[in-house]
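# Commentary on secondary and tertiary structure
The lines below spell out each chain.
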Amino acid sequence: MEELLCNIEFEKNEDGYLARLRSDMGGLREYTGLTMEDVINEVILELQEEFS
């Protein structure tokens, strides 16, 4: 049986990058950064804390 754990959207705009992370436990959160790597690292850290 599959279960959706979270939804992640990434956008690029004139100021850098934006990630929207949505999960049942944490709700909707947004992360911004100048590089895609910075934003992905923030999302990874958040998910590790939430699901560990």
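Residues numbered from 1 in each chain as written. Predicted model: local features only at pLDDT ≥ 70, side-chain atom pairs only at ≥ 80, totals over all residues. Heavy atoms only, no water.

Moving on: the overall build of the chain. Broken down by element type, the chain carries one helix and three strands. Order of helices (α) and strands (β) in the chain, N terminus to C terminus: β-β-β-α. Its C-alpha atoms put the chain at 40 × 15 × 15 Å along the principal axes. A burial count over the chain gives 23% of its 52 residues as buried. Nonlocal contacts in the chain, meaning residues at least 24 apart in sequence, comprise 19% of its contacts between residues at least 6 apart. Summed over all atoms, the accessible surface of the chain reaches about 4,100 Å², with 51% contributed by carbon and sulfur. Measuring between centres, the 4 positive side-chain charges of the chain sit 5 Å from its 14 negative side-chain charges. (Helix = DSSP H or I, 4+ residues; strand = E, 2+ residues; numbered from the N terminus. Buried < 20%, exposed > 50% of the residue type's maximum accessible area, 1.4 Å probe, protein only. Contact = heavy atoms within 4.5 Å. Areas by Shrake-Rupley, 256 points an atom, 1.4 Å probe, with all protein chains shown as cover. Lys, Arg positive; Asp, Glu negative; His and termini not counted. Charge placed at Lys NZ, Arg CZ, Asp CG, Glu CD.)

Taking 1.5 Å per residue, 16 residues should reach 22 Å; helix H1 (residues 36–51) reaches 22 Å between its end C-alpha atoms and fits that length. Within the sequence span of H1, burial applies to Val39, Val43, Leu47 and Glu50. The arc that holds the buried residues of H1, viewed along the axis, is 65 degrees, so those residues lie on one side. Turned more than 90 degrees from where H1 packs its buried face, Glu37, Leu45 and Glu49 sit exposed. (Expected span 1.5 Å × (residues − 1). Arc of directions from axis to C-beta.)

Core analysis: the biggest nonpolar cluster contains six residues, these being Ala19, Leu21, Tyr31, Val39, Val43 and Leu47. When residues of this core are traced back to their parent elements, those giving at least two are strand S2 (16–23) and H1. For this core, the leading source of residues is H1, giving three residues. (Core = buried A, V, L, I, M, F, W, Y, C linked by side-chain atoms within 4.5 Å.)

Of note, Gly33 is situated in strand S3 (residues 27–33). Classification of Gly33 by relative accessible area gives buried; the value is 17%. With sequence-adjacent residues up to four places away left out, Gly33 is seen in contact with Asp15, Gly16, Tyr17 and Val39.

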